[in-house]
Number of protein chains: 2
Amino acid sequence: MEEMKHNPSQVPGLPLAFHGTVIHSKELNELEILENCFLLVDNSGQIQSLQANVASDQINSMISALGYAPDVFPVKYLQRGQFLCPGFVDTHNHAPQFAQRGVGRGISLLDWLNEVTFAHEAKFADPEYAKGMYTRCVTGFLQQGITTASYYASLHGPATKILADVCFDKGQRALVGKCNMNRNSPDWYRDSSVQDSLHQTREVIQHIQQIDPESTLVKPVITPRFAISCESELLQGLGVIAKEHPELPIQTHFNEARQEIEFTLQLFPEHRTETELYKSFGLLNERSILAHCIYLKEEEIQEIKQLRCGVAHCPISNTTMDAFMVAPIREYLRRGIKVGLGTDSGGGHSASMLEIMRQAFVVSIAQQEATKGQDPALSLAEGFYLATLGGAQVCGLDAKVGNFAVGKEFDALEIHTIEIEGRGVMTPVEEEDTIPVIFEKWVMTGDDRNIAKVYVRGRSVKA
Amino acid sequence: MEEMKHNPSQVPGLPLAFHGTVIHSKELNELEILENCFLLVDNSGQIQSLQANVASDQINSMISALGYAPDVFPVKYLQRGQFLCPGFVDTHNHAPQFAQRGVGRGISLLDWLNEVTFAHEAKFADPEYAKGMYTRCVTGFLQQGITTASYYASLHGPATKILADVCFDKGQRALVGKCNMNRNSPDWYRDSSVQDSLHQTREVIQHIQQIDPESTLVKPVITPRFAISCESELLQGLGVIAKEHPELPIQTHFNEARQEIEFTLQLFPEHRTETELYKSFGLLNERSILAHCIYLKEEEIQEIKQLRCGVAHCPISNTTMDAFMVAPIREYLRRGIKVGLGTDSGGGHSASMLEIMRQAFVVSIAQQEATKGQDPALSLAEGFYLATLGGAQVCGLDAKVGNFAVGKEFDALEIHTIEIEGRGVMTPVEEEDTIPVIFEKWVMTGDDRNIAKVYVRGRSVKA
């Protein structure tokens, strides 16, 4: 993508318009289905016009009115069974674990880190390996319609820069963070010192801000793995960086497992909760992305609400590794806490945000049971919101993406539910099926084969 | 498949041999991985030889020793990342619900039947529609590697015969049953009388035994939908048929939902449990396939064990519709009760037995938590056993299929984990990955794109 490096305000292949069905979230429980919708993306990749119920013969005059030459303007007409929806936002993803997904279930979180994960991540010391595997990772997640991902890289500065380069080149919107971790992991996979960890972090930030100065696609994210991995001095140093860079998000694992919480509080006996702990280092604010959030105390929920932190809900890893852990998502939503979904690749085995949504439904049904109905299960509309606009809020990108509001950038999926019949696995669409039914069939039974095109900033990025 | 009708003892394209990795279950917790394995399928589709650790230069003499001409004998060599495993057995599948999968979550079982399901099933009054949709259904499940399915058809005799014809023609091994249901459904979807229901059932049995007299592939199954749908006289009549046909399996829904159990016991106040009820009509024996089995009382568990009934565990529908219901599978296994897995298409949204296995793991982890570790979660080997040999036992077909014991018929999947890279979604296989790791990656993250070939009775049947 040399051209983007030269002129990021222009996206090749644009402007472009669509006419057909458009589906996106307006609010948590408000899925908007726009039929015969005209959607125009300008040459910078922004949505310039969104208008429902437009007849085909009105399109030319609308194009004229928007200042373009009609007749020759490229308009893509979507057929029955095809629709546009916002790209998925994956709020929690360990890029170097892409090739270990599904391996090593049945052991505890801390054992899994030591026995499976660190060995995998250590391979990213080799830049060539990193380049190859990160290319497969980013390509794989784009194939699944994940237009934005918040990535934990490995601890290696050089490989983290490579991940940012790959995202930028492949056209995936991403937050990319070097993992900070200087203790409680094998000596062959641990930051050599606090100074080195912070130095490499600054270098990565600088590199990313250099390749994409306006954060058109890629942005650094401050990434303490979790407090177990970080000495106080390291957390403190990261807090300083966070203060120096008020534009940057922060991500960490948070109240993920009982064993993890106990160990954390042993390491930091001066704090009663993880919320207190991370807050004390200046790491909790409206840009914080807190993965898991299973076991928060009431006071912690109040605090993260007040601090406007976001929750990355990872229903697959929470229920498939060694425990069935239910994050109280309904409670978070009730209080207006930002919530998005995360694949948690590779603790989560799946790269599909459709599968993540389905497991979010399962977890929410379990919570409905556990609370005797007080916390109703997530609806289809709510699940889809979490996978798109909710995730964008958690990543601090909702002014830019998450739905098709005019002025946002066009991060979108073009879904085909009928033509691929016989090759895909989606429930067949029948003649009488309404658009809501087709949409539900896709969310519950479709896969990446139904995602015909993936657009980020208006650019088609699916291989 | 005219030739099969003429000579079912010969399968076209056979004999055939393989050399490479073969994976199958020997016992519940014993997954056998045979490397450099020589497997020979004779011209009737039976496994004639299974021998691990065979060098390539030994193959010709083994072929000779088995009575075949060497050199010209067709041997398929499997590469690294490829292996054979047994085809999946789906112990619970509603064929006419194929096109409603994923629709109508969040409502109770009985509402879902009335509002969504019966309208779909009623369409199978039209034989042309039945032919088309059953073809898509059987093709779709074969694509997923389901070599044996136990199907509930609709209540229509003619459409049920069509389903049996389609299974036979497409080469899927199947139990096929006309649904018996003469009450508690809309008048437009209900057997017109007990007599008619039984008459049509007999006709379907006759038809299936005529097209496949030796049950090489297709077999009738006695299918009272559940006691709510059947008057006593109907259940009694089905009990008579079951007695007349001791070769036939019986299937029904069993202790699936609290509301369903309550209503059942209101309808049959003379019985204290569903076990008592179905037993009293002669419908519980070693050929019974009991779907769900969530809420059995201790006495019921003892009874179904003694009667040697099988359990069709359907973890997706049990956790995605409106409740999170955990069948105590570990307890059943501990007592030696036969257990298999079911897609429960379309209450279950997925047609993939891989996804069913993954959800079985989730459910078993939840049960592990609920029992504070007394019921340990299912291992990978156990999940795979349930999806193959366990299912074959439940369907009464374990003498024929379920693993690669010599003398069994060759119902198999040829799995390719490497070549499809970039098109599939499976976790990448790395150079250092052992065969158990590759197998785990496939079970946890693969999909139908990894199922390169599907064999039933030695015949390649995937479109």
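Residues numbered from 1 in each chain as written. Chains lettered and ligands numbered in written order. Predicted model: local features only at pLDDT ≥ 70, side-chain atom pairs only at ≥ 80, totals over all residues. Heavy atoms only, no water.

**So, the overall build of chain A**
Put simply, the rule reads: Per the convention used, a helix needs a DSSP run of H or I reaching at least four residues, while a strand needs a run of E reaching at least two, with both numbered from the N terminus. We compute the radius of gyration from the C-alpha atoms alone; for a globule the expected value is 2.2 Å times N to the 0.38, where N is the number of residues. Using a 1.4 Å probe on the protein chains alone, a residue whose accessible area is under 20% of its type maximum counts as buried, one over 50% counts as exposed, and one in between counts as partly exposed.
Within chain A, the regular secondary structure consists of 15 helices and 18 strands. Compactness check: chain A gives a C-alpha radius of gyration of 22 Å against a globular reference of 23 Å for 463 residues, within 12% of the reference. With the C-alpha coordinates aligned to their principal axes, the bounding extent of chain A is approximately 70 × 55 × 40 Å. Out of the 463 residues in chain A, the part that is buried amounts to 65%.

**Some remarks on empty space enclosed by the protein**
For clarity, the threshold we go by: Using only the protein atoms, space was sampled on a 1 Å grid; points where a 1.4 Å probe fits but cannot get out form cavities, open sets with protein on both sides within 12 Å along at least five of seven lines form pockets, and lining residues are those with an atom within 4 Å of a point. Grid points are joined across faces, edges and corners, and a volume is the space filled by probe spheres set on the points. Note on residue classes: Ala, Val, Leu, Ile, Met, Phe, Trp, Tyr, Cys and Pro are nonpolar, Asp, Glu, Lys and Arg are charged, and everything else, Gly too, is polar.
Counted according to the given criterion, the structure contains 13 cavities of 30 Å³ or more. Around the largest cavity sit 29 residues that line it, and Glu355 and Asp447 of chain A together with Glu355, Arg358 and Asp447 of chain B are the ones nearest its centre. When residues of the lining of the largest cavity are traced back to their parent elements, those giving at least two are α13 (353-370) and α15 (435-445) of chain A together with α13 (353-370) of chain B. For the lining of the largest cavity, the residue count by class is 5 nonpolar, 12 polar and 12 charged. Counted as a void, the second largest cavity has a volume near 220 Å³. Along its surface, the second largest cavity is lined by 14 residues, and Ile316, Glu355 and Gln359 of chain A together with Glu355 and Gln359 of chain B are the ones closest to its centre. Elements with a minimum of two residues in the lining of the second largest cavity: α11 (315-320) and α13 of chain A together with α11 (315-320) and α13 of chain B. Among the residues forming the lining of the second largest cavity, the class breakdown is 4 nonpolar, 6 polar and 4 charged.

**Quick word on the pattern of salt bridges**
Residue and element names in this part refer to chain A. Applied cut-off: Between Lys or Arg on one side and Asp or Glu on the other, a salt bridge is scored when a side-chain nitrogen of the former is within 4 Å of a carboxyl oxygen of the latter.
Enumeration over the complete set of coordinates arrives at 48 salt bridges over all chains. Residue Arg202 pairs with Glu244 through a salt bridge whose shortest N-O separation is 2.6 Å. Remark: Glu244 occurs in helix α7 (residues 232-244) and Arg202 occurs in helix α6 (residues 194-211); sequence separation between them is 42 residues. Given a relative accessible area of 36%, Arg202 falls into the partly exposed group.

**Considering unusual backbone geometry**
With an omega dihedral of 5°, the bond running from Leu14 of chain A to Pro15 of chain A counts as a cis peptide bond. Considering the arrangement of structural elements, one finds Pro15 of chain A in the loop between α1 (2-6) and β1 (16-27). Residue Gly346 of chain B follows Ser345 of chain B across a cis peptide bond; omega there is 0°. By secondary structure assignment, the location of Gly346 of chain B is in the loop between β15 (338-341) and α13. Even without a glycine there, the phi angle at His292 of chain A is positive, about 90°. Positive phi, normally seen in glycine, also occurs at Cys293 of chain A, with a value near 50°. Topologically, Cys293 of chain A is positioned in the loop between β13 (288-292) and α10 (298-307).

**A look at the interface of chain B and chain A**
The following threshold applies: Contacts: residue pairs with any heavy atoms within 4.5 Å of one another. Here's the idea: put two parts together, see how much 1.4 Å probe accessible area each one loses, and the total over both is what we call buried area. Polar contact is defined as a pair of N or O atoms within 3.5 Å, subject to the rule that within protein one atom must be able to donate a hydrogen and the other to accept it, and that residues adjacent in sequence are counted only when both atoms are side-chain atoms.
In this assembly, 52 residues from chain B lie in contact with 52 residues from chain A. Counting each side, the surface lost to burial between chain B and chain A is near 3,800 Å², with a carbon and sulfur contribution of 46%. Inspection of the chain B/chain A interface yields 8 salt bridges. In this structure, Asp448 of chain B and Arg449 of chain A form a salt bridge, with 2.7 Å as the shortest nitrogen-oxygen distance. Applying the counting rule to chain B against chain A returns 18 residue pairs in polar contact (both at pLDDT 80 or more). Among the secondary structure elements, those contributing two or more residues to the side of chain B that touches chain A are α4 (127-143), α11, α13 and α15 (435-445) of chain B. Tallied by class, residues from the side of chain B that touches chain A come to 19 nonpolar, 16 polar and 17 charged.

**Focus: the sheet that holds strand β10 (residues 218-220) of chain B**
All names here are of chain B. This is how it is decided: We treat two strands as partners when DSSP finds at least two bridges between them. For helices, the fitted line uses only the C-alpha atoms of the stretch in contact; every axis is such a line through C-alpha atoms, and the angle between N-to-C directions lies from 0 to 180 degrees.
Spatially, the 4 strands line up as an open sheet ordered β6-β7-β8-β10, and their pairing is parallel. The open sheet is flanked by β6 (88-94) and β10, the only strands paired with a single partner. Taken over all neighbouring pairs, the strand axes of this sheet differ in orientation by 15° on average, direction set aside. Against the sheet, α4 makes contact with β6 and β7 (146-152), and its axis sits at roughly 140° relative to β7, the strand it touches most. Sitting on the sheet, helix α5 (residues 157-170) touches β7, β8 (173-177) and β10, and the angle it makes with β8 is about 175°.

**Quick word on the relation of the copies chain B and chain A**
To be explicit about the condition: Least-squares fitting of one copy onto the other uses the C-alpha atoms of those residues that reach a pLDDT of at least 70 in both copies.
Rotating chain B by 180° about the axis while translating it 0.0 Å along that axis superimposes it on chain A, leaving an RMSD of 0.0 Å. The superposition of one copy onto the other is thereby described by a two-fold rotation axis. Counting the interface residues of chain B, we find that 100% of their copies in chain A are interface residues as well, pointing to one common contact surface.

**Some thoughts on the domain arrangement of chain A**
Residues and elements named next belong to chain A. Under the convention used in this document: Domain delimitation follows an automatic or database domain assignment.
Domain parsing of chain A yields domain 1 (2-85 + 403-460) and domain 2 (88-394). Taking the mean C-alpha position of each, domain 1 and domain 2 sit 30 Å from one another. Facing 33 residues of domain 1, the contacting portion of domain 2 comprises 29 residues. At the surface where domain 1 touches domain 2, the tally comes to 2 salt bridges.

**Describing the pairing of strand β7 (residues 146-152) of chain A**
Where a strand is regular, its side chains alternate between the two sheet faces. All names here are of chain A. Within β7, 7 of the 7 residues are buried, which leaves it mostly tucked inside the rest of the structure. Here 5 bridges tie strand β6 (residues 88-94) to β7, and the two strands are oriented parallel to one another. Bridge pairing in β7 places Phe88 opposite Ile146. Judged from the 5 bridges that link them, β7 and strand β8 (residues 173-177) form a sheet pairing that is parallel. Following the sheet pairing, Thr148 is matched in β8 by Arg173.

**A word on the packing of α4 of chain B against α5 of chain B**
When two helices pack together, their arrangement is given by the angle between the helix axes and the distance between those axes. All names here are of chain B. As a reminder of what qualifies: Working rule for angles: under 35 degrees goes down as roughly parallel, over 145 as roughly antiparallel, 65 to 115 as roughly perpendicular, anything else as oblique. By definition, turning the near helix anticlockwise from the far helix through less than a right angle yields a left-handed crossing, and turning it clockwise yields a right-handed one.
Orientation of α4 relative to α5, taken along the N-to-C sense of each, is 40°, at an axis distance of 9 Å. Regarding the angle of α4 to α5, the classification is oblique. For the crossing formed where α4 meets α5, the hand is right-handed. Every residue of α5 that contacts α4 at Pro127, Ala130, Lys131, Tyr134, Thr135, Val138, Thr139 and Leu142 is listed here: Ala159, Ile162, Leu163, Val166, Cys167 and Lys170. Residues of the contact of α4 with α5, tallied by class, amount to 10 nonpolar, 2 polar and 2 charged.

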